[in-house]
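# Summary of the model geometry
One-letter residues, chain by chain:
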Number of protein chains: 2
Amino acid sequence: MTARIEESLARQVERMERARLARRTRFVLRDEHVTLSHGSGGKATHNLVEGLLVPAFANAALEAQEDAAVVATNGDRERLAFTTDSYVVSPLFFPGGDIGRLAVHGTVNDLAMVGAVPRYLSVGLILEEGLAIATLRRVVDSMRDAAITAGVQVVTGDTKVVPRGKADLLFINTSGVGVVRDGASLSARNVRPGDRVLLSGHVGDHGMAVMLAREALELEAEILSDTAPLHALVAALLAAAPHTRCLRDPTRGGVATSLNEIVQHAGVGIAVDEDRVPVRPAVRGACEILGLDPLHIANEGKLLAIVPPEEADLALAALRNHPLGAAAETIGEVLAEPEGMVVLRTGVGGSRVLDMLVGDPLPRIC
Amino acid sequence: MTARIEESLARQVERMERARLARRTRFVLRDEHVTLSHGSGGKATHNLVEGLLVPAFANAALEAQEDAAVVATNGDRERLAFTTDSYVVSPLFFPGGDIGRLAVHGTVNDLAMVGAVPRYLSVGLILEEGLAIATLRRVVDSMRDAAITAGVQVVTGDTKVVPRGKADLLFINTSGVGVVRDGASLSARNVRPGDRVLLSGHVGDHGMAVMLAREALELEAEILSDTAPLHALVAALLAAAPHTRCLRDPTRGGVATSLNEIVQHAGVGIAVDEDRVPVRPAVRGACEILGLDPLHIANEGKLLAIVPPEEADLALAALRNHPLGAAAETIGEVLAEPEGMVVLRTGVGGSRVLDMLVGDPLPRIC
């Protein structure tokens, strides 16, 4: 970084430093009641997870806090990836997708992010009394199509029904099991200063598509959810850049939150060049109207890859060569410091600290 | 069976036969809306599962319809068990247990029923805005204790929050992965005429405990949920009776529903001696007051075992030798016919067809 940027950051860094230390030393959950922010994927979610859930179930796989747990079976001869996600998106159907596709893609992607080949899914349905069977059938058909496309089998399931008014039509949990590729070791802990930060395409499409559908806001340009299965894109990337350090799909909380998770686990800093982050004009426009940062908006078909500098060009080419990565960009680099922070270099030569999502401006987008 | 019982059954058999054929030929889901019955675990649930869900995701592991799917990884050198369940029980805390213990035990037990050693759990939380953090902490602590006792690790999780009024405090999904014991092959398809039907203890405790807690009904004798992890009981049973055909934990829909599932998949009949089914007096009394059959009430710490006749005595002794099976009984036997039906031999020498649960007299007991 230039001396000028370093200077402009000094005060922010000082302010953040104490917060960071407090956060890393111990997450304390001070809230007395659950709020929507606890489901945002941002700061409040992290406080809940680190302050209550991780300490309760303390074990190495959980503490690694990757998108999926990597566990050994069969006397360590094989590594499995195991992950879970519940889906409560509202509305159930939105431009570019629906809760069923989302539930399959989200879990397939979490498995892909730790270098696993997705294999088996479970489906747990919580249905509200009165839900139209036709709606359920449409969602299930969508899940079936998504599973076939992603090459995974739904092998086990469960259905519960709660009385009218005790749920909101339909919630889905999908859990997934995959087999981790031999030699793959993807973790935020591998990230080193000098590494490059790649993003596979435009940000904010999913969150904005759901938001606009729910609020029935009319914009001139239609925004479609980017929901897609990323396992094939990951396979192409890892073939080209086998020393890829870490992958994340920036869902709830967006790119900003995922990058903050990485720097906190890796003990490094990351600088992102704002101008290099691909944002569709319609999404940028909607964000400006709503006062939101596209870097905080959820994606469901994008990935962040941290790659060593010597493989960065090959990695970018591999992403761009795949339909789901055609708009990929190198958006930043890993720095030794400021440790635990993400810095956004703005177009006009300034910079600011890019924090995790605070609050929940877009609840229930997945 | 005696000629007399056969005669008394003739008309019922004839009536059921057409229903059975229709059911086995094709499950048709005629309902237009989801009702509480679809969550009962009984007939309506089966229509939903067989008429909509299984056809959509058609594959061998799902179609086997055991309590957990058995799948191969690692080039078939290892078999994994994978299962999922969502928990929506109301109230969250009840005599003998709570939603957290239930969520751990239920998934541990589903893995145990296919002969697997439970290893890893996922936890997916759906929280209602406004839930007290103290309540969440109590549930999570209970899950932690149950996981430690059962020897499983919670390795991955997810938290979603929905606005006030869109859920009922707290729903939990647990999915689980286990390793199937070498040589274990537990499936309803193994069941043969002549096999014995063993039940590990008193029926109906869990469903009645939840029902009484929810409705605040006062009885003289307190009824406690039987929620418990069954993997150790299964290990003892399989050591004593290695040719055990099939195991089920009779949860939603009770013993009657589980036995009906078995006869339908195995193409056999089962005769149960009503007098041999252990029922606590308090549960029997509550059932009589409420007009319910204890064989339709959910259990969360009991198992049904179908064992070959030559291993039946050893199996019963092994169950009784374990604290969780102290009240075990041989309750019936497998017959060649009436195929697809469960017959209850009553104390006075009569008999009746014991069907799956119809409707949902006790919603949200798990």
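Residues numbered from 1 in each chain as written. Chains lettered and ligands numbered in written order. Predicted model: local features only at pLDDT ≥ 70, side-chain atom pairs only at ≥ 80, totals over all residues. Heavy atoms only, no water.

## Focus on the sheet that holds strand 11 (residues 304–307) of chain B
All names here are of chain B. Pairing in this open sheet of 7 strands is mixed, and the strands run 9-11-8-12-10-13-14 from one edge to the other. Strands at the two margins of the open sheet, each flanked by one partner only, are strand 9 (246–248) and strand 14 (351–353). In this sheet, adjacent strand axes meet at a mean angle of 25 degrees when their direction is disregarded. Bridge count for strand 9 against strand 11 is 3 bridges, and the pairing is antiparallel. Counted as the bridge partner of Cys 246 is Ile 306 from strand 11. Where helix 8 (residues 254–266) meets the sheet, it contacts strand 8 (196–199), strand 9, strand 10 (269–273), strand 11, strand 12 (329–335) and strand 13 (342–345), and its direction lies at approximately 155 degrees from that of strand 10. (Pairing = 2+ DSSP bridges. Helix = DSSP H or I, 4+ residues; strand = E, 2+ residues; numbered from the N terminus. Axes fitted to C-alpha atoms, helices over the stretch in contact; angles between N-to-C directions. Contact = heavy atoms within 4.5 Å.)

## Regarding the domain arrangement of chain A
Residue and element names in this part refer to chain A. Each assigned domain of chain A is listed here: domain 1 (59–180) and domain 2 (188–353). Its C-alpha centre places domain 1 at a distance of 23 Å from the equivalent point of domain 2. Between domain 1 and domain 2, the residue contacts involve 24 residues of the former and 24 residues of the latter. For the pair domain 1 and domain 2, the summed buried area comes to about 2000 Å², and 57% of that belongs to carbon and sulfur atoms. If you sort the residues of domain 1 by the area they bury against domain 2, Pro 95, Asn 109 and Met 113 come out on top, with a joint share of 28%. Our count for the contact surface shared by domain 1 and domain 2 stands at 1 salt bridge. (Domains from an automatic or database assignment. Buried area = accessible area lost by both parts, 1.4 Å probe. Salt bridge = Lys/Arg side-chain N within 4 Å of Asp/Glu carboxyl O.)

## Quick look at the pairing of strand 10 (residues 269–273) of chain A
Residues and elements named next belong to chain A. Among the 5 residues of strand 10, 5 are classified as buried, and the element is accordingly described as predominantly covered. The alternating pattern of strand 10 places Gly 269, Ala 271 and Asp 273 and Ile 270 and Val 272 on opposite faces, both of which are buried. Judged from the 4 bridges that link them, strand 10 and strand 12 (residues 329–335) form a sheet pairing that is antiparallel. Bridge pairing in strand 12 links Gly 269 to Leu 335. Two strands pair when backbone bridges link them, and strand 10 and strand 13 (residues 342–345) are joined in this way by 4 bridges, in the parallel orientation. The residue bridging Val 272 from the neighbouring strand is Leu 344, located in strand 13. (Buried < 20%, exposed > 50% of the residue type's maximum accessible area, 1.4 Å probe, protein only.)

## Thoughts on the interface of chain B and chain A
Each partner contributes to the interface: chain B provides 75 residues, whereas chain A provides 75 residues. Carbon and sulfur atoms make up 68% of the area that chain B and chain A hide from each other, which totals about 6600 Å². When the area that chain B buries against chain A is broken down by residue, the three leading residues are Val 34, Phe 57 and Phe 82 of chain B, summing to 11%. Summed over the shared surface of chain B and chain A, the number is 4 salt bridges. A salt bridge links Asp 158 of chain A to Arg 252 of chain B; the nearest nitrogen and oxygen atoms lie 3.0 Å apart. Linking chain B to chain A there are 25 residue pairs in polar contact (both at pLDDT 80 or more). For the side of chain B that touches chain A, the secondary-structure elements that each account for two or more residues are helix 2 (43–56), helix 3 (60–63), strand 1 (69–73), strand 2 (78–87), strand 5 (116–128), helix 5 (133–150), strand 6 (153–162) and strand 7 (170–180) of chain B. In terms of residue class, the side of chain B that touches chain A is made up of 38 nonpolar, 22 polar and 15 charged. (Polar contact = N/O pair within 3.5 Å; in protein donor to acceptor, adjacent residues only side chain to side chain. Nonpolar A, V, L, I, M, F, W, Y, C, P; charged D, E, K, R; others polar.)

## With respect to the packing of aromatic side chains
Throughout the structure, instances matching the rule amount to 2 aromatic pairs over all chains. With centroids separated by 6.2 Å and ring planes inclined at 85 degrees, the aromatic side chains of Phe 82 of chain A and Phe 82 of chain B adopt a geometry described as edge-to-face. Here Phe 82 of chain B lies in strand 2 and Phe 82 of chain A lies in strand 2 (residues 78–87), a pairing that spans two chains. According to the relative accessible area criterion, Phe 82 of chain A is buried, its value standing at 1%. Here the aromatic rings of Phe 171 of chain A and Phe 171 of chain B are separated by 6.4 Å at their centres, their planes lie at 50 degrees, and the arrangement is tilted. Taken together, the residues span two chains, with Phe 171 of chain A in strand 7 (residues 170–180) and Phe 171 of chain B in strand 7. (Phe/Tyr/Trp six-rings, centres within 6.5 Å; stacked < 30°, edge-to-face > 60°.)

## Some words on helix 6 (residues 205–215) of chain A
Burial analysis of helix 6 of chain A places 8 of its 11 residues in the buried class, the great majority of the element. Where helix 6 of chain A is buried, its residues meet strand 3 (93–94), helix 4 (99–112) and helix 9 (281–290) of chain A.

## Description of the relation of the copies chain B and chain A
Relating one copy of the chain to the other takes a rotation about an axis and a shift parallel to that axis. Superposing chain B onto chain A takes a rotation of 180 degrees plus a shift of 0.0 Å along the axis, which leaves an RMSD of 0.0 Å. Accordingly, the operation relating the two chain copies is best matched by a two-fold axis. When each C-alpha of chain B is compared by its distance to the rotation axis, Ala 167 of chain B comes out closest, at 2.1 Å. Comparing interface residues between copies, 100% of those in chain B also sit at the interface in chain A, which points to an isologous, same-surface contact. (Least-squares fit on C-alpha atoms with pLDDT ≥ 70 in both.)

## Some details on the side chain of Thr 244 of chain A
Inspection of the secondary structure assignment puts Thr 244 of chain A in the loop between helix 7 (231–240) and strand 9 (246–248). A polar contact is formed between the side chain of Thr 244 of chain A and the backbone oxygen of Ala 241 of chain A, at a distance of 2.6 Å.

## A look at the packing of helix 6 of chain A against helix 9 of chain A
Residues and elements named next belong to chain A. One can describe the packing of helix 6 onto helix 9 by two numbers: an axis separation of 10 Å at closest approach and a directional angle of 60 degrees. When the axes of helix 6 and helix 9 are compared, the pair comes out oblique. In this structure, helix 6 crosses over helix 9, and the sense of that crossing is left-handed. Taken together, the residues of helix 9 that come into contact with helix 6 (itself represented by Asp 205, Met 208 and Met 211) are Val 283, Ala 286, Cys 287 and Leu 290. (Parallel < 35°, antiparallel > 145°, perpendicular 65-115°, else oblique. Left-handed = near helix turned anticlockwise from the far one by under 90°.)

## Remarks on helix 5 (residues 133–150) of chain A
All names here are of chain A. Spanning 18 residues, helix 5 covers 25 Å between terminal C-alpha atoms, matching the ideal 26 Å at 1.5 Å per step. Where helix 5 is concerned, the buried positions are Ile 133, Leu 136, Val 139, Val 140, Ser 142, Met 143, Ala 146, Ala 147 and Ala 150. Backbone geometry just after helix 5 places Gly 151 at a positive phi near 70 degrees. (Expected span 1.5 Å × (residues − 1).)

## Structural notes on the environment of Thr 107 of chain A
Residue and element names in this part refer to chain A. Along the chain, Thr 107 falls in helix 4. Given the relative accessible area of 0%, Thr 107 is considered buried. For the pair Thr 107 and Lys 43, spaced 64 residues apart in the sequence, the C-alpha separation amounts to 22 Å. Discounting residues that sit within four places of it in the chain, Thr 107 has contacts with Thr 83, Asp 85, Tyr 87, Leu 121, Thr 174, Ser 175 and Gly 176.

## Focus: the pairing of strand 7 of chain A
When a strand is regular, its side chains alternate between the sheet's two faces. Residues and elements named next belong to chain A. Counting buried residues along strand 7, 11 of its 11 residues qualify, which places the element largely inside the surrounding structure. Two strands pair when backbone bridges link them, and strand 2 and strand 7 are joined in this way by 8 bridges, in the antiparallel orientation. Counterpart to Phe 82 in the pairing with strand 7 is Val 177. Across 11 bridges, the pairing between strand 5 (residues 116–128) and strand 7 is antiparallel. Across the sheet, residue Val 123 finds its bridge partner in strand 7, namely Thr 174.

## A few points about the pattern of salt bridges
Residues and elements named next belong to chain A. Under the definition given, this model contains 36 salt bridges over all chains. Here Asp 355 makes a salt bridge to Lys 43, at a shortest N to O gap of 2.7 Å. Placement of the pair is Asp 355 in the segment after strand 14 (351–353) and Lys 43 in helix 2 (residues 43–56), with a sequence separation of 312 residues. On the basis of relative accessible area, Lys 43 is assigned to the partly exposed category, the value being 25%. Measuring nitrogen to oxygen at the nearest pair gives 2.9 Å for the salt bridge that ties Lys 302 to Asp 226. Pair noted here: Lys 302 is in the loop between helix 9 and strand 11 (304–307) and Asp 226 is in the loop between helix 6 and helix 7, with a separation of 76 residues, a long-range link.

## Here we look at a nonpolar patch on the surface
Residue and element names in this part refer to chain A. There is a patch of nonpolar side chains on the surface, built from Leu 217, Ile 289 and Leu 290 and spanning about 270 Å² of accessible area. Within the fold, Leu 217 resides in the loop between helix 6 and helix 7. Residue Leu 217 is classed as partly exposed on the basis of its relative accessible area, which comes to 39%. (Patch = residues over 30% accessible without salt bridge, like charges linked within 9 Å, V, L, I, M, F, W, Y side chains within 5 Å. Areas by Shrake-Rupley, 256 points an atom, 1.4 Å probe, with all protein chains shown as cover.)

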